[in-house]
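Structural features, examined
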Amino acid sequence: MKKFLYKTGLSTVLSALVLMAGTSSAVRAEDTIKVGILHSLSGTMAISETTLKDTMLMLIAEQNKKGGLLGKKLEPVVVDPASNWPLFAEKARELITKEKVASIFGCWTSVSRKSVLPVIEELNGILFYPVQYEGEESSKNVFYTGAAPNQQAIPAINYLMNDIKVERWVLAGTDYVYPRTTNKILEAYLKSKGVDAKDIMINYTPFGHSDWQSIVADIKKFGSAGKKTAVVSTINGDANIPFYKELGNQGISAEDIPVIAFSVGEEELSGMDTKPLVGHMAAWNYFMSEDTTKNAAFIKQWHAFTKDTKRVTNDPMEAHYIGFNMWIKAVEKAGTTDSDAVQKAMIGIKFPNLTGGMAQMLPNHHLSKPVLIGEIQEDGQFFTVWQTNTLVKGDAWSDYLAESKPIIADWTAPISCGNYNTTTKKCSGQNY
Amino acid sequence: MKYRVTYPVKFVVLVLMLFSFIGTSIAQEEATELTFSATVSRLKVRALTAKGKAIEQLAKFQNSRKILILQALVDGDLFEVRDSGQIVIAESKEDKYSIVLADNGNGIGLVESSAIKKIKLNNRLRSKIRSLVATLQLNSAAAEVRLQAVKTLGKSINQQSLFTLKKRAEIEKDDDVLDALGLVIALDNLNSTDRLIRLKGIETLKQKTSLKAVNRLQAIIDKNNEGQFIEPDAEIRKQANSALVKIQARLQVYAVAETVFFGLSLGAVLVLAAIGLAITFGVMGVINMAHGEMMMLGAYTTYVMQLLLPHHIGLSLILSIPAAFMVSGIVGIGIERGIIRHLYGRPLETLLATFGVSLVLQQAVRSIFSPLNRSVITPDWMSGSWQINDFLSLTWNRLYILVFCLLVFAFLLQILRRTRLGLEVRAVSQNRNMAKAMGIPTDRVDAMTFGLGSGIAGVAGVALSQITNVGPNLGQAYIVDSFMVVVFGGVGNLWGTLVAGFSLGIANKVLEPYAGAVLAKILVLVFIILFIQKRPRGLFPQKGRAAES
């Protein structure tokens, strides 16, 4: 009953919004290139996704100042899928068929991406997905500008294992596809490195879990066995704050049992009391605290755009920044916004990262990225304690899972497949 | 004769060379042996290994300020002045910082926060400093400081710290400190090659209530992967086993106590969330879907109070309680007067309308405060835990919330029993027409009751702000749980809500270790569904003719 009400209530509000967006855009439809922005502006995910919408608006405005694209102005089309997964698919369809956008920048959670996937493939659109994710996917129509597991999770484990000498592992996550797949990969990886099954503890909690007492008590017991223990956290969103608070209250400091998180960035930290978090870690491909001229300029631009000098930047924002600029380059290279031509032109495009180095779009539609590990400081920023010497190439299909080991993704001829089995020499199509 | 050098000349040259050699070696000595101030100022280097060296050197000085500096560094109070590069200890004063020079304690005065830069550490340096400080504090005059130092050193023991601790054990007088030292030494005894020392170690561990002891003993009696005992000595295994059984008997008691505490504290949160609803839904019969948003408003009130009083976090939290009651109460009265009173007796429309209100309130908060979570700082007296022993520690925030929940419950009960408003509320809820006939202004009573329920929800929001996120979705996370508790406890019965909240909390926590957090929640829900099938009116159904109709 509640769900039904939720939907009807929201869709009335939304359709009104869409109507407004539609009428305003109809006026000058001909001489612009439309860019779809598919990020939740209401509901649970609004907390993370609203920022990305603003980032896109900033990037588009900036590009228009430089004279637009192919002599035309860019026009953002913002829709609100309201943290409602099926609505993501509907909105994506609407953006492509009704608004005729040239490309879509959007989604955050893996389930929203999975929901958009069939639509975008059917209508041959282009989606730029800016968030770190679990991998095991490569679609012809999606460009993954966030990190694959080998660009975030695996280097983080290596750091803990080699530099911190961790021997016991707690894999804690929220109960949905990203943590489950990531933990499956990590468990296989740890076992391949000789970690005993009884030194690995896996724990899942519901979305928005707020009572962490027993789980933290368990972690404490698990961590007191005389071996160095660390928590690898794929806990998502809101559940993190009570988790870290409980850790602090039960007297577990980052020096005793460090927590390394894959979903906690500057944006999430800005809503937290950071006192109990100091010293805990996160692995990303970008930190706001990285001291480069490009990054300083980006932060300045962001502050000017939002008119708020306290706003932070984060990793998915950089992903959109790189993705958007790559798309611009690809359209200029192809000379058209036609989907097939742009998809072809995208592969091999290079664009500098904000933190240094050159990101490159690989044939598997993933990026090459640097990996950074930072410790949380009291001001909510990260202090980089480790980083890779070179850029790491995103790997769509994990080499540590038996079933995906022989599979590669390569969207260039002659393979042209997102799911190609190198042993059987067969492309299994869209079978993921 | 050109190169003939006489002996005296040769001698002079030799002596000169010797002097110059000594001279340079003195100069070199000075280069490596920095002064105390110079060592302090080397703490600002960015490279972590160099910083680690500077810290080690600092600890070697015989200077009374070194502990102070190291402690400030690990607490994040050590800063570098941006202009002059001086190292200072800073203390936050209103919006500015009061700074004193680290090496000699001379005050400089107040500066803006932008004028100084924090000296950063990573975990490794932090734990290094902590053990350095602990070693230095081992000879402190205060017993608690020594106890803390022993505990810190015991976390990661090495040959050197073990030696220091053994030395201390010989001269230590305080019982608690001796106890802690005994544990560390007994754990080390187990690594000895001497069988008697090992047995003595086990004997000592038997008396200790310590997780480390349990794990160490467990390791002795464990088998390896081939099914063979790791420990070859049968006698030691037997002793270790009997020691373990003894400790575990105590551990069992603490484990039960811990589960009960976890359950009660979860229950307290449920009761707090549900108790306002027990009034609006239970007593008035209004299905208020915006109840969660009343809690959210309370939590945001706490945030605003904290912004108003940024330097008195504790006080702002206490003042938030009446403030949140007022804010949520007034909004509640507004909703009742504006919407709900037109819909009495039409539950479906009320449900829809209040759900709409909840969406409006959420979006309003998003527009005013941004969709991001707001950070509400926990005061120091609510952080940390009451460490009874290694197995049982009660976290302060949960303990306070438990007490707070009982206070709110008692307060509400007194209002309903002892005040005129309470009397009128009970009269109206039992028989509206009869109450009206007796001259009770039912309209006003309805508004006041709804305001009371909403206000209590606001107060619950203050408590929630201390344990969970303050964001637009706060209310949604608790609305289902609230209805669950009220329905399970019996609609219209405050005691029912209390008992239901606590029993659901404990049931959840008993199930969690076996079933996991996800399944535990599902099991509890299934249980409630079955229970409601059997007893549709909940645990404590209302009796009497009015309730039957």
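These numbers come from a predicted model, not from an experiment.

**Comments concerning the interface of chain B and chain A**
One widely used convention gives an interface's size as the accessible area the parts lose upon coming together. Counting residues at the interface gives 59 residues for chain B, matched by 55 residues for chain A. A buried area of about 4800 Å², summed over both sides, lies between chain B and chain A, and 50% of it is on carbon and sulfur atoms. Residue Glu378 of chain A is joined to Lys118 of chain B by a salt bridge in which the shortest nitrogen-to-oxygen separation is 3.6 Å. Between the two partners, chain B and chain A, sit 16 residue pairs in polar contact (both at pLDDT 80 or more). Class assignment of the residues belonging to the side of chain B that touches chain A gives a composition of 22 nonpolar, 22 polar and 15 charged.

**Regarding the environment of Ser233 of chain A**
All names here are of chain A. Summarising the element assignment, Ser233 is placed in strand S8 (residues 229-234). In sequence terms Ser233 and Val259 are 26 residues apart; their C-alpha atoms lie 6.6 Å from each other. Those residues in contact with Ser233 that lie beyond four places of it in its chain are Ala172, Asn240, Val259, Ile260, Ala261 and Phe262.

**A short note on empty space enclosed by the protein**
Under the counting rule described, the total for this entry stands at six cavities of 30 Å³ or more. A volume near 90 Å³ is recorded for the largest cavity. Residue lining of the largest cavity: Ala217, Lys220, Lys221 and Gln250 of chain A together with Leu211, Glu258, Asp390, Phe391, Leu392 and Ser393 of chain B, and that is the complete set. Of the residues contributing to the lining of the largest cavity, the split by class is four nonpolar, two polar and four charged.

**Let's talk about the side chain of Arg198 of chain B**
Residues and elements named next belong to chain B. Within the secondary structure, Arg198 sits in helix H9 (residues 195-206). Under the relative-accessibility criterion, Arg198 is labelled buried at 15%. Setting aside anything within four residues of it in sequence, one finds Arg198 in contact with Asn189, Leu190, Ser192, Glu231 and Ile236.

**A look at the domain arrangement of chain A**
All names here are of chain A. As far as domains go, chain A holds domain 1 (2-148 + 313-368) and domain 2 (150-289 + 370-393). For domain 1 versus domain 2, the distance between C-alpha centres works out to 29 Å. Listed per partner, the contact involves 28 residues of domain 1 and 25 residues of domain 2. On inspection of domain 1 and its partner domain 2, the count reaches zero salt bridges. In terms of residue class, the side of domain 1 that touches domain 2 is made up of 12 nonpolar, 12 polar and four charged.

**What about the nonpolar core?**
Grouped together as the largest cluster of nonpolar side chains are 74 residues, with contacts concentrated most on Leu272, Met295, Leu494 and Leu504 of chain B. Breaking this core down by element, the ones donating at least two residues are helix H11 (234-283), helix H12 (291-308), helix H14 (347-369), helix H15 (396-418), helix H16 (420-430), helix H18 (442-464), helix H19 (474-489) and helix H20 (494-534) of chain B. Beyond its immediate chain neighbours, meaning those up to four positions away, Leu504 of chain B contacts Leu270, Met484, Val485, Phe488, Val524 and Ile528 of chain B. Membership of the second largest hydrophobic core comes to 62 residues, among which are Phe88, Ile96, Leu127 and Phe298 of chain A.

**Considering unusual backbone geometry**
Residues and elements named next belong to chain A. In this structure, the amide linkage connecting Ala413 to the following residue, Pro414, adopts the cis form with an omega of 5 degrees. Inspection of the secondary structure puts Pro414 in the loop between strand S17 (407-410) and strand S18 (417-421). Not every positive phi belongs to a glycine, and Ala82 is a case in point at roughly 55 degrees. Summarising the element assignment, Ala82 is placed in the loop between strand S2 (73-79) and helix H3 (85-98). You can call Ala82 buried: its relative accessible area is 1%. A positive phi angle, near 70 degrees, is found at His365, a position not held by glycine. Along the polypeptide, His365 turns up in the loop between strand S12 (358-360) and strand S13 (368-369).

**Quick word on the state of the cysteines**
All names here are of chain A. As enumerated under the stated definition, the model contains one disulfide over all chains in all. Here Cys417 connects covalently by a disulfide to Cys427, the sulfurs 2.0 Å from one another. For the disulfide bridge between Cys417 and Cys427, the dihedral angle about the S-S bond is near 85 degrees, and by the sign convention the bridge is right-handed. Linking Cys417 in strand S18 with Cys427 in strand S19 (residues 426-427), this pair joins segments that are 10 residues apart in sequence.

**Here's the deal with the packing of aromatic side chains**
By convention here, two paired aromatic rings are described through the distance between centres and the angle between planes. Tallying each qualifying case throughout the model produces 29 aromatic pairs over all chains. Each ring, one from Trp85 of chain A and one from Phe88 of chain A, has its centre 6.1 Å from the other, and the planes form 35 degrees; the classification is tilted. Here Phe88 of chain A and Trp85 of chain A lie together in helix H3, a separation of three residues that amounts to about one turn. Between Phe488 of chain B and Phe527 of chain B the ring centres are 5.9 Å apart and the planes differ by 70 degrees, which places this aromatic pair in the edge-to-face class.

**Considering the sheet that holds S18 of chain A**
Residues and elements named next belong to chain A. Read across the open sheet, the three strands follow the order S17-S18-S19; overall the sheet is antiparallel. Looking along the sheet, the strands with just one partner apiece sit at the ends: S17 and S19. In terms of strand pairing, S17 meets S18 through three bridges, oriented antiparallel. Each bridged residue has a counterpart across the sheet, and for Ile408 the counterpart in S18 is Tyr420.

**Here we look at the pattern of salt bridges**
The tally for this structure, following the rule as stated, stands at 34 salt bridges over all chains. A salt bridge links Asp211 of chain A to Arg398 of chain B; its shortest N-O distance comes to 3.1 Å. Of the two residues, Asp211 of chain A is situated in the loop between strand S7 (200-205) and helix H7 (213-222) and Arg398 of chain B in helix H15; the pairing between them involves two chains. An identical accessibility class is assigned to Asp211 of chain A and Arg398 of chain B; each is buried. Its salt-bridge partner being Glu512 of chain B, residue Lys509 of chain B comes within 3.2 Å of it at the nearest N-O pair. Taken as a pair, Lys509 of chain B and Glu512 of chain B lie in helix H20 at a separation of three residues, close to a single helical turn. Like Glu512 of chain B, Lys509 of chain B is buried.

**Let's talk about the confidence of the model for chain A**
Close inspection of predicted coordinates is inappropriate in any region flagged by low pLDDT. All names here are of chain A. Of all residues in chain A, 92% have pLDDT values of 70 or greater, and the mean over the chain is 87. Here helix H1 (residues 2-26) is the element of chain A with the lowest mean pLDDT, 46, and strand S4 (residues 127-129) is the one with the highest, 97. Residue range residues 1-29 is modelled with pLDDT below 50. Its contacts to residues more than four positions away, or to other chains, number 25 contacts.

**Topic: the pairing of strand S3 (residues 96-101) of chain B**
Residues and elements named next belong to chain B. Sheet topology places strand S2 (residues 87-93) next to S3; six bridges connect them, and they run antiparallel. If you follow Val88 over to S3, its bridge partner there is Leu101. The turn joining S2 and S3, which pair antiparallel and follow one another in sequence, is formed by two residues; a positive phi near 50 degrees is taken by Glu94. Following S3, the chain reverses through five residues before pairing antiparallel with strand S4 (residues 107-111); Gly105 in that reversal takes a positive phi of roughly 80 degrees.

**Section: the packing of H12 of chain B against H19 of chain B**
Residues and elements named next belong to chain B. One can describe the packing of H12 onto H19 by two numbers: an axis separation of 7 Å at closest approach and a directional angle of 135 degrees. Between H12 and H19, the interaxial angle falls into the category oblique. Crossing angle aside, the handedness with which H12 passes H19 is right-handed. Two secondary-structure elements touch here, H12 through His291, Gly292, Glu293, Met295, Met296 and Ala299 and H19 through Leu474, Gly475, Gln476, Tyr478, Ile479 and Ser482. Its residues placed into classes, the contact of H12 with H19 shows six nonpolar, five polar and one charged.

**Topic: the environment of Val286 of chain B**
Residues and elements named next belong to chain B. The residue Val286 is located in the loop between H11 and H12 in this model. Each C-alpha atom, one on Val286 and one on Arg124, is 57 Å from the other, the two residues being 162 residues apart in sequence. Once you skip the residues sitting within four places of it in the chain, Val286 turns out to touch Thr280, Phe281, Ile340, Tyr344, Thr350 and Phe450.

**A short note on the packing of H19 of chain B against H20 of chain B**
Residues and elements named next belong to chain B. One way to put it is that H19 packs onto H20 with a least axis distance of 4 Å and a crossing angle of 125 degrees. For the element pair H19 / H20, the angle class is oblique. In this structure, the crossing between H19 and H20 has a hand that is right-handed. Between H19 and H20, the contacting residues are Asp481, Met484, Val485, Val487, Phe488 and Gly489 on the first element and Gly496, Thr497, Ala500, Gly501, Ser503, Leu504, Lys521, Leu525, Phe527, Ile528, Phe531 and Ile532 on the second. Classifying every residue of the contact of H19 with H20 gives 11 nonpolar, five polar and two charged.

Here is what the cut-offs are and how they apply
Residues numbered from 1 in each chain as written. Chains lettered and ligands numbered in written order. Predicted model: local features only at pLDDT ≥ 70, side-chain atom pairs only at ≥ 80, totals over all residues. Heavy atoms only, no water. Contact = heavy atoms within 4.5 Å. Buried area = accessible area lost by both parts, 1.4 Å probe. Salt bridge = Lys/Arg side-chain N within 4 Å of Asp/Glu carboxyl O. Polar contact = N/O pair within 3.5 Å; in protein donor to acceptor, adjacent residues only side chain to side chain. Nonpolar A, V, L, I, M, F, W, Y, C, P; charged D, E, K, R; others polar. Helix = DSSP H or I, 4+ residues; strand = E, 2+ residues; numbered from the N terminus. 1 Å grid on protein atoms, 1.4 Å probe; cavity = no way out; pocket = protein on both sides within 12 Å on 5 of 7 lines; lining within 4 Å. Points joined across faces, edges and corners; volume = space filled by probe spheres on them. Buried < 20%, exposed > 50% of the residue type's maximum accessible area, 1.4 Å probe, protein only. Domains from an automatic or database assignment. Core = buried A, V, L, I, M, F, W, Y, C linked by side-chain atoms within 4.5 Å. Disulfide = S-S within 2.5 Å. Phe/Tyr/Trp six-rings, centres within 6.5 Å; stacked < 30°, edge-to-face > 60°. Pairing = 2+ DSSP bridges. pLDDT = per-residue confidence, 0-100. Axes fitted to C-alpha atoms, helices over the stretch in contact; angles between N-to-C directions. Parallel < 35°, antiparallel > 145°, perpendicular 65-115°, else oblique. Left-handed = near helix turned anticlockwise from the far one by under 90°.

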